[in-house]
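What follows is the residue order along each chain.
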Amino acid sequence: QVQLVESGGGLVQAGGSLRLSCAASGNILRLNAMGWYRQAPGKQREFVASITSGGSTNYADSVKGRFIISRDNAKNTVYLQMNSLKPEDTAVYYCYGRDGSTYYWGQGTQVTVSS
């Protein structure tokens, strides 16, 4: 089993920045990749960014050039640096870890961007 705990959400004005953290514990050596999804009110959960165990990254088109995903293997933590935030980035952000076809999820952290 893998446990994921997010932190770092909050309220920020448009154009501002936030950094989300996702601390992993448990059988984390099984994870092939970690990353973030988000879900806005009334919308489906959507992919934001991912990073593999080898360090390869992938981003949704909507956040490319603004968000940066990174990981600190010594701390078993993945980060999402969010810059130039827009009101449409408002959502609950969920950290995930993938072990093959199995996904583990955190509890989510709210990000609200005011205009």
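Residues numbered from 1 in each chain as written. Predicted model: local features only at pLDDT ≥ 70, side-chain atom pairs only at ≥ 80, totals over all residues. Heavy atoms only, no water.

Chemist: What is the right way to look at the pattern of salt bridges in this model?
Modeler: Side chains that differ in sign of charge can pair as their charged atoms come close. Tallied over the full model, the rule gives five salt bridges. For Asp99, the salt bridge goes to Arg30, with nearest N and O atoms at 2.8 Å. Residue Asp99 is found in strand E9 (residues 91-99), and its partner Arg30 is found in the loop between strand E3 (18-26) and strand E4 (33-39); the two are separated by 69 residues along the sequence. Bridged by salt links that share partners, the residues Arg38, Glu46, Arg66 and Asp89 form one connected network. (Salt bridge = Lys/Arg side-chain N within 4 Å of Asp/Glu carboxyl O. Helix = DSSP H or I, 4+ residues; strand = E, 2+ residues; numbered from the N terminus.)

Chemist: Just checking my understanding: could you explain the sheet that holds strand E7 (residues 67-72) for this structure?
Modeler: Hydrogen bonds between backbone groups are what pair the strands of a sheet, and the pairing can be parallel or antiparallel. Across the sheet, four strands lie side by side as E1-E3-E8-E7; this open sheet has antiparallel pairing. Taken across any chain shown, the strands that pair with only one partner, and hence form the sheet edges, are strand E1 (2-7) and E7. Looking at each pair of strands side by side, their axes are set apart by 15° on average, direction ignored. Two strands pair when backbone bridges link them, and E3 and strand E8 (residues 77-82) are joined in this way by six bridges, in the antiparallel orientation. Within E8, the residue paired with Ala23 across the bridge is Thr77. (Pairing = 2+ DSSP bridges. Axes fitted to C-alpha atoms, helices over the stretch in contact; angles between N-to-C directions.)

Chemist: Any chance you could explain the side chain of Asp89 here in plain terms?
Modeler: As for its position among the elements, Asp89 is in the loop between E8 and E9. The exposure class of Asp89 is buried, given its relative accessible area of 0%. The contact partners of Asp89, leaving out residues within four places of it in the chain, are Arg38, Arg66, Phe67, Ser84, Val111 and Val113. (Buried < 20%, exposed > 50% of the residue type's maximum accessible area, 1.4 Å probe, protein only. Contact = heavy atoms within 4.5 Å.)

Chemist: In this structure, what is going on with the state of the cysteines? I would like to understand it.
Modeler: Per the counting criterion, the structure on display carries one disulfide. Bridging Cys22 to Cys95, the disulfide has an S-S length of 1.9 Å. Disulfide Cys22-Cys95: the torsion about the S-S bond is -80°, which places it as left-handed. With Cys22 in strand E3 and Cys95 in strand E9, the pair connects residues that are 73 residues apart, well separated along the chain. (Disulfide = S-S within 2.5 Å.)

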